[in-house]
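# Remarks on the overall topology
Listed here are the chains, written in short residue letters.
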Amino acid sequence: MLDPKITLYAMLNKALLDRLFYVPFWDCPYECSFCCVDSRPGAAPGWPDAGEEALFALAQEMSCRYGRPVQLHFYGGEPMLRAGYVEHVARRVRESPFISKLVLYTTLRSGSPRQVLNILGPKRLEILVNPDTVNERVTAALRELRGVARLNLLPVHFVTGRGAVELRPDQYRWLPVGWPGHSCFARTSGPLVNGPQGTVHVCCLPQSPLLGSFDDAPALLLDRYDAALRTVPRALNRACRAEGLVHPCAVCNRYTGYQSQAGPSHNAFSVEKALSLKN
């Protein structure tokens, strides 16, 4: 089912401003055709803490600026490849007054997040599992974690990463934001702290426009974020429709040329470039 809060804010064209996304590594043992990034199957996960301090500093800045704690959405890659690191982040979330809960995106194939649940408790942890990755082991894990883990039934197949190459048009499913039709969902997503590239982005996808790097002050990053939400979605929507593309994510994907193995120099679709796109 769709998140009614996301749907309402999208239809009202209001920014949600209640969540922050974190990817410490892109590595994953699976090769899902719908993956929004070009993950690195078979590779050992990289050391995951490069973006951690930037993440918690930005969470504090967001919470203070917008007047409420933020949700921390943690994905990858497969987070449970580094279960100990997920547990470490959970302990920091438990002690933070600026983060309301941890939302963990996992296949439940690589290990159980039971210890994460023990750290945070059911009120501050939500586990989302893509229904396309479910097998018998995952079904058993969902039963074990009932009340905390659930299938993520939001239709979120993006024309980005591997999905831009492997999905057929009849497989495309979107988070239906905007009215009428589909549009850029940056307003109802949240900024992404991208550990492998050392960058911060407008929305939860690494193909989205850059706000800056870990060297930038959190206040400056949020100033850019506020400005981007007033301009970037409209620019991407115009470019997408003018070019006859399926969804604005395809514009971000095409202009960035993003690959998870690439460094920051290959992911340089800035806010300024988004604003320069013509009808």
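Now for a quick tour of the structure. (Residues numbered from 1 in each chain as written. Predicted model: local features only at pLDDT ≥ 70, side-chain atom pairs only at ≥ 80, totals over all residues. Heavy atoms only, no water.)

## Side note on helix H3 (residues 83-95)
Under the 1.5 Å per step criterion, the end-to-end length of H3 is 19 Å for 13 residues, consistent within 8% with the ideal 18 Å. For H3, the set of buried residues is Tyr85, Val86, Glu87, Val89, Ala90 and Val93. Among the structural elements, strand S1 (19-23), helix H2 (52-66), strand S2 (70-74), strand S3 (99-105) and helix H4 (114-120) are those in contact with the buried residues of H3. (Helix = DSSP H or I, 4+ residues; strand = E, 2+ residues; numbered from the N terminus. Expected span 1.5 Å × (residues − 1). Buried < 20%, exposed > 50% of the residue type's maximum accessible area, 1.4 Å probe, protein only. Contact = heavy atoms within 4.5 Å.)

## Describing the side chain of Thr107
With respect to the helices and strands, the residue Thr107 is situated in the loop between S3 and H4. Looking at Thr107, its side chain comes within polar contact range of the side chain of Glu78, at 2.8 Å. Among residues more than four places away in sequence, those in contact with Thr107 are Tyr30, Glu78, Val129, Thr133 and Val138. (Polar contact = N/O pair within 3.5 Å; in protein donor to acceptor, adjacent residues only side chain to side chain.)

## Observations regarding unusual backbone geometry
A cis amide bond links Gly76 with the next residue in sequence, Gly77, at an omega value of 25 degrees. Tracing the chain through its elements places Gly77 in the loop between S2 and H3. Its identity is not glycine, yet Leu17 carries a phi of approximately 60 degrees, on the positive side. Within the element layout of this structure, Leu17 appears in the loop between helix H1 (4-11) and S1. Under the relative-accessibility criterion, Leu17 is labelled buried at 18%. For Leu108, which is not glycine, the phi dihedral falls at a positive 65 degrees. If you trace the backbone, Leu108 turns up in the loop between S3 and H4. Judged by its relative accessible area of 3%, Leu108 is buried.

## Concerning the pairing of strand S4 (residues 125-129)
Looking along a regular strand, one sees the side chains alternate between the two faces of the sheet. Across the five residues of S4, five count as buried, placing the element largely inside the fold. A two-sided burial pattern is seen for S4, the buried positions comprising Leu125, Ile127 and Val129 on one face and Glu126 and Leu128 on the other. When S3 meets S4, the two strands line up parallel, connected through four bridges. Following the sheet pairing, Leu104 is matched in S4 by Ile127. Traced from S3 through H4 to S4, the parallel crossover comes out right-handed. Sheet topology note: the S4/strand S5 (residues 149-151) ladder contains three bridges and is parallel. (Pairing = 2+ DSSP bridges. Right-handed = clockwise from strand over helix to strand, strands pointing away.)

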